[in-house]
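Overview (structure and organization)
Letter by letter, the chains look like this.
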Amino acid sequence: YGSKTAAPRRPTPPAFPPPRRRSGRAYDATAGTFLHKSLHKAGTYLSAETLKAVAALPTLGLAGTMHARHQKAFGQDQRLVQLFDRYATYNGSDPYQAPATLSLIPHLEHGIGAFYPEGGIYAIASSLHRLGEEFGVKFRFNEPVREIVVAGGHVTAVRTDQDVYDFGLVVSNMDVVPTYRRLLPSQPAPERTLGQPRSSSALIFYWGIAREFAELDVHNIFFSQDYHREFQAIFEQQTVADDVTVYVNVTSKKTPADAPPGHENWFVMVNVPHDQGQDWAALTTKTRAAVLARLHRALGVDVAPLIAAEKTWTPPGIAADTSSFGGALYGSSSNNALAAFLRHPNFSGRLDGLYFCGGSVHPGGGIPLCLLSAKIVAELIG
Ligand SMILES: Cc1cc2nc3c(=O)[nH]c(=O)nc-3n(C[C@H](O)[C@H](O)[C@H](O)COP(=O)(O)OP(=O)(O)OC[C@H]3O[C@@H](n4cnc5c(N)ncnc54)[C@H](O)[C@@H]3O)c2cc1C
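What you see is a predicted model, and the numbers here were worked out from it, not measured in a lab.

Let us now look at the sheet that holds strand 2 (residues 154–160). Read across the sheet, three strands follow the order 1-2-3 without closing on themselves; strand pairing throughout is antiparallel. The open sheet is flanked by strand 1 (145–151) and strand 3 (164–166), the only strands paired with a single partner. Mean inter-strand twist for the sheet, computed between neighbouring axes without regard to direction, equals 30°. For strand 1 and strand 2, the ladder comprises six bridges, and the chain directions are antiparallel. Looking across to strand 2, one finds that Glu-147 is bridged to Arg-159.

Here's what the structure looks like:
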């Protein structure tokens, strides 16, 4: 980054290497404890690994914000500050509020590396499905659970529209808020935990583009002029700024069969607040125009007439399709230094046999952490 961004008018390249090394060390010292284990079992705190993690806590930057850390490290080039601040959005948070701990996220991408599942992200779900079948798991699709049945402090069954299935163990992968509200309506809910501020959601435009753009790659980010204003709009005003940062993913760059010849499949995403009853029809129209204007500025081409096919996904649509509360992509946000400790545990403290995995519980949202939550539950069940 230093060599790429250092122009003659910037004699000193931005200080990229030291923070990256620091985030790598901090990640190695803490991930095993804070991401791979339940934080709500005494056993987690009784190991040499945990002592190492606790000793590393001061390096995690719980006291300062992510933005302040990046400003200190890269302040001579605001483009780098903006680039590294963006990692807060990887778990739906605000770099101007989130603790500098989140500066560990770039280490995963730059220190460990990014991977591209053949067949797209859906291939991960398909692989888990196949693996489950090999272990004898029976899947029942399109049959939502309507109730987790409880008797005498134990879970005993799940009820669907088709049947009641007896189970002594139930793992809910549904967002923890609707799990309590809809599946366990007569059980006391942990209101403080369920009331934690939500992470951001997204407006997604799926566009089939009738042209190829040689200047685009698989991942493309077009930043807004005023990043702070954009996050204030999302997290303080619960709306969408006029000038937005646009992420464009084009998998046909890597897998040409994903689009017809001469075309590209664009996944165009803008970070927005979770649904709290905003006028999404109006916000979608406004944001679509802002996205087209931003792309026109960057590419020098009016993309609108090239859109051959289009589908839009809004926060209420995400909520309806996945049961994610408010359509938040990553459960509760990490804007608070204690957020990791305020997420719902991977098990119920009141009901025997009830476990939780997915983005709304420990260790948090995003596909890698959701998979870790499943691993934690598997280890708890034994
Ligand atoms: C557009 C978009 C882009 C994203 N980009 C990224 C990214 O680049 N990287 C990343 O790491 N994360 C990304 N995320 C976030 C990531 O997808 C989520 O954090 C993660 O999928 C949450 O996993 P989950 O298991 O909690 O929920 P889900 O993946 O939503 O799975 C929950 C499942 O439970 C099912 N379900 C719900 N209720 C019931 C019920 N009552 N009975 C039976 N089944 C039920 C749902 O149908 C769903 O299949 C993105 C999310 C979106 C929407």
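Looking now at the packing of aromatic side chains. Within the structure shown, the criterion is met by 13 aromatic pairs. With a centroid separation of 5.6 Å and an interplanar angle of 75°, the aromatic rings of Tyr-206 and Phe-267 are classed as edge-to-face. One end of the pair, Tyr-206, is in strand 5 (residues 201–209); the other, Phe-267, is in strand 8 (residues 264–272), and 61 residues separate them in sequence. According to the relative accessible area criterion, Tyr-206 is partly exposed, its value standing at 28%. The structure contains a cluster of three or more aromatic residues connected by ring pairs, namely Phe-74, Phe-84, Tyr-87 and Tyr-90. Geometry around Phe-213 places Arg-211 over its ring, the cationic atom sitting 4.0 Å from the centre. Over the aromatic face of Tyr-116 sits the side chain of Lys-254, whose NZ or CZ is 5.8 Å from the ring centroid.

What follows covers the pairing of strand 2. Looking along a regular strand, one sees the side chains alternate between the two faces of the sheet. Counting the residues in the hairpin turn of strand 1 and strand 2 gives two residues, including Gly-152, whose phi is positive at 60°. Pairing geometry for strand 2 and strand 3, over three bridges, is antiparallel. When the sheet's bridge partners are listed, Val-158 is paired in strand 3 with Tyr-165. The antiparallel pairing of strand 2 with strand 3 creates a hairpin that spans three residues between the two strands.

Let us now look at the packing of helix 4 (residues 66–74) against helix 5 (residues 78–85). Relative to each other, helix 4 and helix 5 sit at 145°, their axes nearing to 9 Å. Note that helix 4 runs across helix 5; the crossing there is right-handed. Two secondary-structure elements touch here, helix 4 through Met-66, His-67, His-70, Gln-71 and Phe-74 and helix 5 through Gln-78, Leu-80, Val-81, Phe-84 and Asp-85. Residues that form the contact of helix 4 with helix 5 fall into these classes: five nonpolar, four polar and one charged.

The next point concerns unusual backbone geometry. In this structure, the amide linkage connecting His-362 to the following residue, Pro-363, adopts the cis form with an omega of 5°. Mapped onto the elements of the fold, Pro-363 is located in the loop between strand 10 (354–356) and helix 14 (367–381). You will see that Gln-238, though not glycine, has its phi angle at about 50°, which is positive. Turning to its location among the elements, Gln-238 is positioned in the loop between helix 10 (227–235) and strand 7 (246–250).

We now examine helix 12 (residues 315–322). For helix 12, every residue scored as buried is listed here: Pro-315, Gly-317, Ile-318 and Ala-319. Contacts made by the buried residues of helix 12 are with strand 5, strand 8, helix 11 (280–299) and strand 9 (307–313). One or two steps after helix 12, the chain reaches Ser-323, where phi turns positive at roughly 70°.

Another point: helix 11. Each α-helix winds once per 3.6 residues, and so residues spaced three or four apart point in a common direction. If you check helix 11, its first and last C-alpha atoms are 27 Å apart, about what 20 residues at 1.5 Å a residue would give, namely 28 Å. Listed as buried for helix 11 are Trp-280, Leu-283, Thr-284, Thr-287, Ala-290, Val-291, Leu-292, Arg-294, Leu-295 and Leu-299. The elements touched by buried residues of helix 11 are strand 5, strand 6 (219–222), strand 7, strand 8, strand 9 and helix 12. Just downstream of helix 11, Gly-300 is the residue with a positive phi angle, here 70°.

Taken together, the neighbourhood of the ligand is formed by 18 residues, with Val-145, Asn-173, Leu-329, Gly-359 and Ile-367 sitting nearest. In the environment of the ligand, a nitrogen atom lies 3.3 Å from a nitrogen or oxygen atom belonging to the side chain of Ser-323. A distance of 2.7 Å separates an oxygen atom of the ligand from a polar backbone atom of Gly-359. Protein contacts shield 63% of the accessible area of the ligand, which totals 990 Å² for the unbound molecule. Examining the composition of the shell around the ligand, we find that three residues originate from one element, helix 14, more than from any other. Here the residues of the shell around the ligand are counted per class, giving 11 nonpolar, seven polar and no charged. The two domains that each donate at least three residues to the shell around the ligand are domain 2 (122–196 + 340–381) and domain 3 (201–322).

Take the domain arrangement of the protein next. According to the domain assignment, the protein contains domain 1 (2–112), domain 2 (122–196 + 340–381) and domain 3 (201–322). Between the C-alpha centres of domain 1 and domain 2 there is a distance of 30 Å. Opposite the nine residues of domain 1 that make contact, domain 2 presents 15 residues. Around 1,000 Å² of area is buried between domain 1 and domain 2 when both sides are counted, 67% of it from carbon and sulfur atoms. The three residues of domain 1 that bury the most area against domain 2 are Leu-35, His-36 and His-40, which together make up 50% of that side's buried surface. On inspection of domain 1 and its partner domain 2, the count reaches zero salt bridges.

Rules behind the numbers
- Residues numbered from 1 in each chain as written.
- Predicted model: local features only at pLDDT ≥ 70, side-chain atom pairs only at ≥ 80, totals over all residues.
- Heavy atoms only, no water.
- Pairing = 2+ DSSP bridges.
- Helix = DSSP H or I, 4+ residues; strand = E, 2+ residues; numbered from the N terminus.
- Axes fitted to C-alpha atoms, helices over the stretch in contact; angles between N-to-C directions.
- Phe/Tyr/Trp six-rings, centres within 6.5 Å; stacked < 30°, edge-to-face > 60°.
- Buried < 20%, exposed > 50% of the residue type's maximum accessible area, 1.4 Å probe, protein only.
- Lys NZ or Arg CZ within 6 Å of the ring centre and 35° of its normal.
- Left-handed = near helix turned anticlockwise from the far one by under 90°.
- Contact = heavy atoms within 4.5 Å.
- Nonpolar A, V, L, I, M, F, W, Y, C, P; charged D, E, K, R; others polar.
- Expected span 1.5 Å × (residues − 1).
- Near = heavy atom within 4 Å.
- Polar contact = N/O pair within 3.5 Å; in protein donor to acceptor, adjacent residues only side chain to side chain.
- Areas by Shrake-Rupley, 256 points an atom, 1.4 Å probe, with all protein chains shown as cover.
- Domains from an automatic or database assignment.
- Buried area = accessible area lost by both parts, 1.4 Å probe.
- Salt bridge = Lys/Arg side-chain N within 4 Å of Asp/Glu carboxyl O.

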